[in-house]
Amino acid sequence: MSSVTATSGSHVEIDPGHPPTSTGLSNEKVAMWSFLGSECLLFGALISTYLLFKGQDEPGQISPVDVFDIPYTSVSSFVLLMSSLTMVLALAGIQRGDHRRTRIWLLTTALLGASFVAGQAYEFTVFVREGMNLRVNLFSSSFFVLTGFHGAHVTIGVLMLLSLFSLSLKGKLPTSKAETVELVGLYWHFVDIVWIVIFTLVYLIP
Amino acid sequence: MRRNRRLAALSATLFLFLAACAENAPQDTLEPKGEVARKIADLINPVFIVAGVVFLLVEGLILLVIFKFRAKPDAPEPEQIHGNTRLEVGWTLAPALVLLAVAVPTIATIFDLAKKPDNAVNVTVVARQFWWEYIYEDLGVVTANELRMPVGRAVELKLNSIDVIHSYWIPPLGGKMDVVPGRDNRMHLVADGPGEYLGQCTEFCGDSHANMRAKAIAMPARDFDAWVAEQKRPAVTAAAGTPAEEGFTVFNQRGCGSCHTVEGVSNGTIGPNLTHFASRTSFAGSMFDNNDTNLRKWLSDPLGVKPGNKMIIPGGNLSPDEVTKLIAYMNSLR
Amino acid sequence: MAIVTPPRPEALAPEQPLHTPIRFLRRPTGYTKGVWGWMTTVDHKKIGIMYSATAFLFFLLGGLEALLLRVQLGAPDQTFLRADTYNQLFTMHGTTMIFLVIMPLSAGLANYLLPLMIGARDVAFPRLNALGFWVFLVGGLFMYSSFFLGGAPNGGWFGYVPLSRSIPGHNMDYWAFGLQILGIASLTGAVNLIVTVINMRAPGMSLMRMPIFVWMSLVAQFLLLFAIPIITVALFLLSFDRLFSTNFFNVSAGADPLLWQHLFWLFGHPEVYILILPAMGIVSEVLPVFSRKPLFGYQVMVFSGIAIGFMGWGVWAHHMFASGLGPVATSAFSASTMFIAVPTGVKIFNWISTMWKGKLTFTTPMMFAIGFVAMFTIGGLSGVTHGVVPADTQQTDTYYIVAHFHYVLFGGSMFGLFAGVYYWFPKFAGRLLDEKLGKLHFWLMFLGFNLTFGPFHILGLQGMPRRIYTYPEGRGWDVWNLVSTIGSFVIAASILVFMFNVWKNRKPQEVGDDPWDARTLEWTIPSPPPEYNFKEIPLVTSRDELWHRKYTEDEHGRSVRREVTEAQPTLAGTAVEPAPPEGHEGPDHVAGKAGTGDEHDGDGEHDGQAEEHEEHIHMPSPSYWPLVTSIGLPIICYGMIYKAWLVAILGGVWTLGSIYAWALEPATAPEDTPDHDPERGHDEAEAVHA
């Protein structure tokens, strides 16, 4: 009878005695999918609020057409989109055992993500200078809160990526822990998809 | 076991007995005094009966099961029944059909009550913490606390709030409707016969939510017209040398007009229009009947008797002497 | 309380820790005892006990609040409580009972039982589990600290805007931030239990063989997973309005106050199913045991629970029937509200059928379970009358509604939870509660409950609104309010009886593994269970696995006790067929278990497995990081409320830093090798420290 070793927590050990999971997926993976499911509702509520307020401000008040710089935001959206690509490359790297590659792509993804956030921060300062702050009207409140929540999620993602990078540097991210990179990747792609939705509904559709 | 049986029977009897007693309740929802309330009662009474039957059936089954299948010492083990598809289908379909039978008249009544009534008296109700203002725009009348209405004719209420959500409810006449700031909710009420119908605010609105009462007074058409005419008369000027005139002086000295409108005298918009105060049966959001004792209580310390209300008298509370004079003035505002 | 650990074998003395010289910063081990042992535990059973005990303390607080309310309302025009005090008390009573009592008590029972019922050693993420408890505790303390810091929340448990955004003072900020903290506990708990149930079931335990309490808890966890983010958003929007003057609920900027109501009730309605489903699951476990028959219509009970979970998302605006949604919307929600009664009603009939032709013994848990069925029926019926929209315009915001939800939440959830507490108490504590005192508790509570809340139906129909701190004479409400107040004190007395019962039976007893002759896996292990739960992960061959090991059926389908209780089937060399693929479940058990019988040559319960143990069971190590992490959260919130941004940032750094330390700490410490040798451990498990 094989040893029943119950290891749990945030690490996935390759343990020949680890009891197989009922679905065949690791606990961590099922957890991440569940968590992302709840995040869908979080962003769904924020996006719905934004859409409900769309067009409700009095004419003459500050509105999207006054402040949005679509070309600028398109560039930063592209940057974020590319970061999903580099994330995939990072995962491929660690699965192949090429840790140097992994680190390069992890760092690149983090930098691209950080650029996106920095770009947004700059964009917000421009808006504020143009007279649009959190409390001006319905549009301004809902815009900043929605994109702010998204930006916070990206920032947390960047921190996770940098942590993985640092772990890899210290030799603590072997190929056996590739799933950790995969799960951070899942989170990262989710955040990217949310941005695509926000960019479309908030910026592109008038 | 025998003790359980007796206890159960006793509780059941007691409960039924208690349920039968009911004092006279002026805000009773089950004694409709107008067509809207009656349509609601006609809809829900059969539903209550159906619910009562289901209640007796289910609780009866539970009692039956408890007594019939209690473990007897030498009884055999029970048959391990896992289910019965026919029963499952049955007790899924039967309640569904019953509910369908309830849903159809429900939806019909929803739409029926949503129709605007013909020949209604239009009234805008402005809800504030913690009183109601009634504006009869077509008739040019502004009053507070009491919704005066003609018997047998609908009043169509346009509900506005200037602060938080309130809810307008006169149960003998109809259901409630929330008064939401920024929205124009509408409802209508009709009264069968003359009388006073009591209600209150039914959406938590702050400290004195409990004190925000409502009253509708239905009168025969002729009396209603007379009331309208009376309300449109200008404010009574207090005769010189009367206590009322001294009260008028207090009214001006203490700045009452900064919050209250008395036509021809002041234009305040925070508190109720007092032009015809003496013609009302109640005041302070119908919290008090309109008499001198209550007026004294109120004027001496409004915040003390009605916490959280907006009547903050500039310069602090009135002195007893000021109160006496003011009462005389208020009583003169017929 | 007991920490069950075997004595330390000399050969396996832990090494000196590599890093921390400061003794108390050293990671606790499986040998750590006492208060620090409890504070750092990651054992789901201890966590379940802490959840439940803490929830009970909040129940006493919420009950005290209720008694104060009832004293004030016992007669007209009373001045026992000022208006604002009353408003704080009714707000906190509702918030406490929902978020600090029913939810954590359900979570506590789920935490303790789900791994046992599915044959697992712990939940998927033990430290995350511990975090859930500590966050719950600090969240509750944070909210209650408001009583001493300017006043408790006073805008109602439902916090409607614009009132809640404009109430001066910090009361409602404590409400919003407190609920956010509690939401984190619920969300992490939901993820944990979902993964546990989906992924950690013992071999052979297909979904349709799971005990029904597991199913109902699972549905509730999914509801939490999707509902909590919605109220999270609503609370953030409210807090931003209050703190930063945003415009989400600012009417003068054009906002619609109904947005809050939609968001709140999109959370709030699934929330009520979160509150009732676990209790329904408990009733579905208790009734079969004390009827000595299986749950009638197991599949239907599972599917109706799932149906309720789904349909619960489509009825939210029935809380808004008087808010002016218009006839089309109200008709749609009226229909959906009526039809959610169908799967609910089905359950009532299945419970009654479970008892039908059973052999009923009226133990305390059985009485509470039957009480649930009887009282929930009343609450369900009044609920259906609310669905008749025109009638609801008379009923809503009156005591008739208060009657409805107390019948389903107290007569329903609380009765169900008490049934669970009495039923599983011997398993948790290794002691039986007194049956006579239990029955006294039940009857007093049943009487007091009906005296308190029965009259509310009448009061509501007689026009008494809710949330009023006083009422005048002459409305006809005096008598029933007095009756209700008396009833509330009878409830209080019943709770004292319960507490006395627990205290009276505080010394350990020999209860054995299976005092009730029950049907599910948690009764195959000692009471209380060892830390590792199962010596061997069980192999499951049917629903009601334990019952089938003990009993077979004669030609009439009646249970016949086997001469030899079937042992734990072993994985290797068994003749048992594997579980059919999901969805192809025919009978609820697999025929042909005779193979396992052949492997027994003795009479013992544990034959066939005793010889195989040289290995040891490694359990995850305790950790203080969950506790430390949780402390960061109220620091953030205090900083936000008082606009002390530095404090908020400090709290954020604390929380983030703790999470980092936690993530870098292995689940099982290398230097912690408590030897959970089942053979040795089983004997030592009997030695319980008080």
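Fair warning: this is a prediction, and the values are worked out from it, not measured in the lab.

Student: How should I be thinking about the overall build of chain A in this particular structure?
Tutor: Assigned secondary structure in chain A consists of six helices and zero strands. When the helices and strands of chain A are read in sequence order from the N terminus, they spell out α-α-α-α-α-α. Here the C-alpha coordinates of chain A stretch approximately 75 × 35 × 25 Å along the principal axes. Looking at the 206 residues of chain A, the share that counts as buried comes to 37%.

Student: Hey, could you run me through the overall build of chain C in this one?
Tutor: Helix and strand counts for chain C stand at 21 helices and two strands. The long-range fraction of contacts in chain C, counting pairs at least 24 apart against all pairs at least 6 apart in sequence, stands at 82%.

Student: Before we go on, may I ask you to explain the interface of chain C and chain B in this structure?
Tutor: Where interface size is quoted, it is often the accessible area lost as the parts come together. Contacts between chain C and chain B engage 83 residues on the former and 79 residues on the latter. Going through the elements one at a time, helix H3 (83-118), helix H9 (298-311), helix H10 (327-339), helix H11 (341-355), helix H12 (364-386), helix H13 (389-395) and helix H15 (435-461) of chain C are the ones with two or more residues in the side of chain C that touches chain B. Residues of the side of chain C that touches chain B, tallied by class, amount to 44 nonpolar, 26 polar and 13 charged.

Student: Whenever I open this one, the sheet that holds strand S9 (residues 195-200) of chain B confuses me. Can you help?
Tutor: Sheets are built from strands that pair by backbone hydrogen bonding, the pairs being arranged parallel or antiparallel. All names here are of chain B. In space, the three strands of this open sheet follow the order S4-S10-S9, with mixed pairing throughout. Of all the strands in the sheet, just strand S4 (146-150) and S9 have a single pairing partner and so form its edges. Across this sheet, the average inter-strand angle for adjacent strands is 20°, counted without regard to direction. The sheet contact formed by S4 and strand S10 (residues 213-219) spans five bridges and is parallel. Each bridged residue has a counterpart across the sheet, and for Leu 147 the counterpart in S10 is Ala 216. Running at roughly 130° to S4, helix H4 (residues 221-232) makes contact with S4 and S10 of the sheet.

Student: Explanation requested: H10 of chain C in the structure shown.
Tutor: Think of an α-helix as turning once every 3.6 residues; residues three or four places apart then point the same way. Over its 13 residues, H10 of chain C runs 18 Å from end to end, which matches the ideal 18 Å to within 8%, given 1.5 Å per residue. Along H10 of chain C, the residues classified as buried are Thr 330, Ser 331, Phe 333, Ser 334, Ala 335, Thr 337, Met 338 and Phe 339 of chain C. Among the structural elements, helix H3 (85-114) of chain B together with H11, H12 and H13 of chain C are those in contact with the buried residues of H10 of chain C.

Student: Teacher, can you tell me more about the interface of chain C and chain A here?
Tutor: Chain C puts 47 residues into the contact, and the matching count from chain A is 37 residues. When residues of the side of chain C that touches chain A are assigned to their parent elements, the largest contribution, ten residues, is made by helix H7 (residues 212-244) of chain C. Its residues assigned to classes, the side of chain C that touches chain A shows 32 nonpolar, nine polar and six charged.

Student: Quick question: what am I supposed to make of the environment of Lys 325 of chain B here?
Tutor: Residues and elements named next belong to chain B. Tracing the backbone through its elements, the reader meets Lys 325 in helix H8 (residues 320-332). A C-alpha to C-alpha distance of 6.5 Å links Lys 325 and Ala 244, two positions 81 residues apart in sequence. Apart from the residues within four sequence positions on either side, Lys 325 is in contact with Pro 243, Glu 246, Gly 247 and Val 250.

Student: I'm lost on the sheet that holds strand S3 (residues 141-144) of chain B in this one. Help?
Tutor: Residues and elements named next belong to chain B. The strand order S3-S2-S1-S5-S8 describes an open sheet built from five strands, whose pairing is mixed. The open sheet is flanked by S3 and strand S8 (185-189), the only strands paired with a single partner. On average, adjacent strands in this sheet sit at an angle of 25° to one another, irrespective of strand direction. Inspection of the sheet shows strand S1 (residues 121-128) paired to strand S5 (residues 155-161) by seven bridges, in the parallel sense.

Student: Where do I start with the environment of Gln 299 of chain C in this structure?
Tutor: Position of Gln 299 of chain C among the secondary structure elements: in helix H9. Among the residues examined, Gln 299 of chain C registers 16 C-beta atoms within 10 Å and is labelled partly exposed.

Student: Mind showing me how you'd approach the packing of helix H5 (residues 138-169) of chain A against helix H6 (residues 178-204) of chain A here?
Tutor: Any two packed helices are characterised by how steeply their axes cross, that is the angle between the axes, and by the distance between the axes. Residues and elements named next belong to chain A. Put simply, H5 and H6 touch, their axes get as near as 10 Å, and they point 155° apart. Taken as axis vectors, H5 and H6 run roughly antiparallel relative to one another. Note on packing geometry: the crossing formed by H5 with H6 is left-handed. Contact with H5, carried on its side by Phe 143, Leu 146, Thr 147, His 150, His 153, Val 154, Gly 157, Met 160, Leu 161 and Leu 164, involves Val 181, Val 184, Tyr 187, Trp 188, Val 191, Val 194, Trp 195, Ile 198 and Val 202 of H6 and no other residues of that element. Looking at the contact of H5 with H6 residue by residue, the class counts come to 15 nonpolar, four polar and no charged.

Student: Help me understand the confidence of the model for chain C in this model?
Tutor: Detailed reading of predicted coordinates is not advised where the pLDDT is low. All names here are of chain C. Residue-level pLDDT values for chain C average 88, and 86% of them are 70 or greater. Long-range and interchain partners of residues 1-21, a stretch whose pLDDT sits below 50, account for 31 contacts in this model, where long-range means more than four residues apart. This stretch, residues 572-614, has a pLDDT under 50; its non-local contacts, to residues over four places away or in other chains, come to 58 contacts. Quick note on the complex model: pTM equals 0.90, ipTM equals 0.92.

Student: Can you walk me through helix H14 (residues 399-429) of chain C in this structure?
Tutor: Residues and elements named next belong to chain C. Along H14, the largest kink reaches about 45° and is centred on Tyr 423; proline Pro 426 follows within four residues of it. Counting buried positions along H14 gives 29 out of 31 residues, so the element sits mostly inside the fold. A positive backbone phi angle near 70° is found at Gly 430, which sits one or two residues after H14.

Student: Which parts of the structure should I look at to understand the packing of helix H2 (residues 44-73) of chain C against helix H16 (residues 478-504) of chain C?
Tutor: Residues and elements named next belong to chain C. Axis separation between H2 and H16 bottoms out at 9 Å; the angle between their running directions is 155°. By the angle class used here, H2 and H16 are roughly antiparallel. Once H2 is placed against H16, the crossing between them reads as left-handed. Taken together, the residues of H16 that come into contact with H2 (itself represented by Gly 63, Ala 66, Leu 67, Arg 70, Val 71 and Leu 73) are Asn 481, Ser 484, Thr 485, Ser 488, Phe 489, Ala 492 and Ile 495. Among the residues making up the contact of H2 with H16, the classes are represented as seven nonpolar, five polar and one charged.

Student: Looking at this model, I keep getting lost on the nonpolar core. Mind explaining?
Tutor: As a rule of thumb, nonpolar side chains are buried together in soluble globular proteins. Ranked by size, the top nonpolar core spans 344 residues in total, and within it Ala 234, Val 283 and Ala 419 of chain C carry the most contacts. Sort the elements by how many residues they give to this core and H7 of chain C lands first, with 24 residues. Each of domain 1 (26-68 + 88-220) and domain 2 (243-332) of chain B accounts for three or more of the residues forming this core. The contact partners of Ala 234 of chain C, leaving out residues within four places of it in the chain, are Trp 260, Leu 263, Phe 264 and Phe 267 of chain C.

Student: Teacher, can you tell me more about unusual backbone geometry here?
Tutor: Glycine aside, residues mostly have negative phi angles, and peptide bonds mostly take the trans form. In this structure, Pro 162 of chain C follows Val 161 of chain C across a cis peptide bond, with omega equal to 0°. When you line up the elements, Pro 162 of chain C lands in the loop between helix H4 (126-145) and helix H5 (163-166). In this structure, Pro 528 of chain C follows Ser 527 of chain C across a cis peptide bond, with omega equal to -5°. Counting through the fold element by element, Pro 528 of chain C comes out in the loop between H16 and helix H17 (545-550). One non-glycine residue, Ser 286 of chain B, lies in the positive phi region at around 55°. Positionally, Ser 286 of chain B belongs in the loop between strand S13 (282-283) and strand S14 (288-289). The phi torsion at Asn 533 of chain C lies on the positive side, around 65°, for a residue other than glycine.

Parameters and conventions
Residues numbered from 1 in each chain as written. Chains lettered and ligands numbered in written order. Predicted model: local features only at pLDDT ≥ 70, side-chain atom pairs only at ≥ 80, totals over all residues. Helix = DSSP H or I, 4+ residues; strand = E, 2+ residues; numbered from the N terminus. Buried ≥ 20, exposed ≤ 12 C-beta atoms within 10 Å, placed from the backbone. Contact = placed C-beta atoms within 7 Å. Nonpolar A, V, L, I, M, F, W, Y, C, P; charged D, E, K, R; others polar. Pairing = 2+ DSSP bridges. Axes fitted to C-alpha atoms, helices over the stretch in contact; angles between N-to-C directions. Expected span 1.5 Å × (residues − 1). Parallel < 35°, antiparallel > 145°, perpendicular 65-115°, else oblique. Left-handed = near helix turned anticlockwise from the far one by under 90°. pLDDT = per-residue confidence, 0-100. Bend = angle between axes of the 7 residues up to and from the residue. Core = buried A, V, L, I, M, F, W, Y, C linked by C-beta atoms within 7 Å. Domains from an automatic or database assignment.

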